[in-house]
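# Coordinate inspection notes
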Amino acid sequence: MFYNNDVLITANFFKFFNDVLAPMAKYSIPIIEIGNDVPKEAICQVFENVNQGGVSLSVFELVTATFAADNFELRKDWDEIWRDLRTEKIISHKNYNSFSGTDFITALTLLASYNKFVNNNGRAVSCKKKDVLKLTYAEYAEYRNKLIDGIKEAIKFLTEERIFTSIDIPYTSQLIPLSVLFAIDKNIWFNVSNRKKLSIWYWCGVFGELYGGANETRYVTDVTGMMTWLDDDNMFPDTVARSNFHASRLQQLYTRNSAAYKGVMALTLKEHARDFLKGTEMDFASYVGEATDIHHIFPQKHCVDNGIDRSLWNSVINKTPIYARTNRIIGGVAPSKYISSIERNHGVAKSELDSYLASHQIDVEAIRRDDFNTYYNKRRIALLDLIEKATGKSVPGREELTETTYNQESDEEMYLTDY
């Protein structure tokens, strides 16, 4: 069948009308009317409820819409900021990001609110959702660059604490108050006493496991509390006062899902841990360049073959950062065998290798004779000592610890992952 052009156009129009326009004309579009007197936080709640089934609108999108009234593209500006920040592996590494646009404006709101408070222009410091929604473009413009500088100083601080990538940050949320503290005064850590207090506060947050839930209130109490503590040695911030790490908790750390687990690894590195094979200290360059990861000291296969309880060998107490190549050399044999192999096949002197092992808080004599019980108990004590040193607080429950002896593992599978 043949059609001239007019007939073909007419046929196409009717098909478009029947397939597209007619169904659209019959479609009922839901409308929610919101009055001018409705506060922004209520509008935000409406948007969140409506978008539960799709991509939910965040507070960042709502602030973006607000700033559009000032002819400012917040999303475009954040993309520019992110291009700068994401070059830092602590911010973005292996597709794991530790900071978002929402984190940025939350931190900026906290910074603006704190400065209002100290200048007697605000009643109280706050950075809840309602406060973020009240953020003005003028405030954003005033504090944007200060916060970026604060984030970069916070990155330097974390690196010195031997946290090298975003994957290894115990609590990404703790980066918000940390960045704000440096934005308030980027020279805060050039005073030795202040630097020590900042470190204690950070590790109390990690080992007190206090940043795991809704944190807006804690952001405020920590920023205001830290600034007070810097001026008065007796006025501890809430996180330092409340932090409590029980000795029994250490053995219960099995995976990176726990902030305290990551904290133990960072403290191990902070004690100048050196690679078993190369003997080089695991600083930022070698940690990233050598594809360092967390592995068992007494290898998994050896432990399983010898009936060592999984709750012991898969604990953080039996793990440490190890270069990828070194871990392949270690394999699954007993420590005495891989130690002998390193000395024999890679030319590492016994005294040197002993110092490398000791740098990981390992009892050298115990590991050389494959004495898991002695090794495990002594390393547990050594790691608890590191936690006390970092937090500046005694670890309760140490006196209740008994020497661990391993038994044949039960059939019940209690712990799931390697690291």
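Residues numbered from 1 in each chain as written. Predicted model: local features only at pLDDT ≥ 70, side-chain atom pairs only at ≥ 80, totals over all residues. Heavy atoms only, no water.

## Observations regarding unusual backbone geometry
Test applied: Helical segments are the DSSP runs of H or I of at least four residues, strand segments are the runs of E of at least two, and each set is numbered from the N terminus. Accessibility here uses a 1.4 Å probe with only protein chains present; expressed as a share of the type maximum, an area under 20% marks a residue as buried, one over 50% as exposed, and anything in between as partly exposed.
The backbone of Lys 94 sits at a positive phi, close to 55°, despite the residue not being glycine. Residue position: Lys 94 is located in the loop between strand E1 (92–93) and strand E2 (96–97). Accessibility expressed as a relative area gives 66% for Lys 94, which makes it exposed. Despite not being glycine, Arg 162 has its phi angle at roughly 70°, a positive value.

## Let's talk about the pattern of salt bridges
Operational definition: A pairing counts as a salt bridge when a side-chain nitrogen of Lys or Arg comes within 4 Å of a carboxyl oxygen of Asp or Glu.
The full count for this structure, using the stated rule, is 26 salt bridges. Notably, a salt bridge pairs Glu 80 with Arg 144, separated by 4.0 Å at the nearest N-O pair. Here Glu 80, found in helix H4 (residues 74–85), pairs with Arg 144, found in helix H7 (residues 137–160); they are 64 residues apart in sequence, far enough to count as distant. Given a relative accessible area of 15%, Arg 144 falls into the buried group. In this structure, Glu 209 and Arg 249 form a salt bridge, with 2.9 Å as the shortest nitrogen-oxygen distance. Pair noted here: Glu 209 is in the loop between helix H9 (192–207) and helix H10 (216–231) and Arg 249 is in the loop between helix H11 (238–242) and helix H12 (259–270), with a separation of 40 residues, a long-range link. Judged by relative accessible area, which is 28%, Glu 209 ranks as partly exposed.

## What about the packing of aromatic side chains?
We describe a pair of aromatic rings using the distance from one ring centre to the other and the angle between the two ring planes. So the rule is basically this: Stacked, tilted and edge-to-face pairs are distinguished by plane angle, under 30 degrees for stacked and over 60 for edge-to-face with tilted covering the rest, among Phe, Tyr and Trp rings (Trp via its six-membered ring) whose centres lie within 6.5 Å.
Per the counting criterion, the structure on display carries 26 aromatic pairs. On the numbers, 6.2 Å between centres and 45° between planes, the contact of Tyr 171 with Tyr 211 is tilted. Taken together, the residues Tyr 171 in the loop between H7 and helix H8 (175–184) and Tyr 211 in the loop between H9 and H10 connect sequence positions 40 residues apart. Grouping residues by exposure puts Tyr 171 and Tyr 211 together as buried.

## Some points on the packing of helix H3 (residues 59–68) against H4
Just so we agree on the cut-off: Interaxial angles span 0 to 180 degrees and are taken between N-to-C directions of axes, which are lines fitted to C-alpha atoms, for helices over the stretch in contact. If an angle is under 35 degrees, it is roughly parallel; if it is over 145, roughly antiparallel; if it lies from 65 to 115, roughly perpendicular; otherwise it is oblique. Note on contacts: a residue pair qualifies if any of its non-hydrogen atoms lie within 4.5 Å across the two residues. Here the term charged refers only to Asp, Glu, Lys and Arg, the term nonpolar to Ala, Val, Leu, Ile, Met, Phe, Trp, Tyr, Cys and Pro, and the term polar to all other amino acids, Gly among them.
Viewed as axis vectors pointing N to C, H3 and H4 meet at an angle of 120°, and their least axial separation amounts to 8 Å. The angle between H3 and H4 falls in the class oblique. Here Phe 60, Glu 61, Val 63, Thr 64 and Phe 67 of H3 come into contact with H4, specifically with Leu 74, Arg 75 and Trp 78. Considered class by class, the residues forming the contact of H3 with H4 number five nonpolar, one polar and two charged.

## Some words on a nonpolar patch on the surface
For clarity, the cut-off: Each patch is built from salt-bridge-free residues with over 30% relative accessible area, joining like charges within 9 Å and nonpolar side chains (Val, Leu, Ile, Met, Phe, Trp, Tyr) within 5 Å. The Shrake-Rupley method, run with a 1.4 Å probe, gives the accessible areas here. Residue values count only the displayed protein chains as cover.
A grouping of Phe 13, Phe 14, Phe 16, Phe 17, Val 20, Leu 21 and Met 24 is seen on the molecular surface, where their side chains present a nonpolar patch of about 670 Å² in accessible area. Mapping Phe 13 onto the fold places it in helix H1 (residues 5–26). Take Phe 13: its relative accessible area is 46%, and that puts it in the partly exposed class.

## A short note on the packing of H3 against helix H5 (residues 101–118)
Inclusion rule: A crossing counts as left-handed when the near helix is turned anticlockwise from the far one by less than a right angle, and as right-handed when that turn is clockwise.
The contact between H3 and H5 brings their axes to 8 Å, and the two run at 65°. By the angle between their directions, the pair H3 and H5 is classed as roughly perpendicular. The way H3 lies across H5 gives a crossing that is left-handed. Each of Val 59, Phe 60 and Val 63 in H3 lies in contact with H5, whose residues at this interface are Gly 101, Thr 102 and Ile 105. Across the contact of H3 with H5, the residue classes tally to four nonpolar, two polar and no charged.

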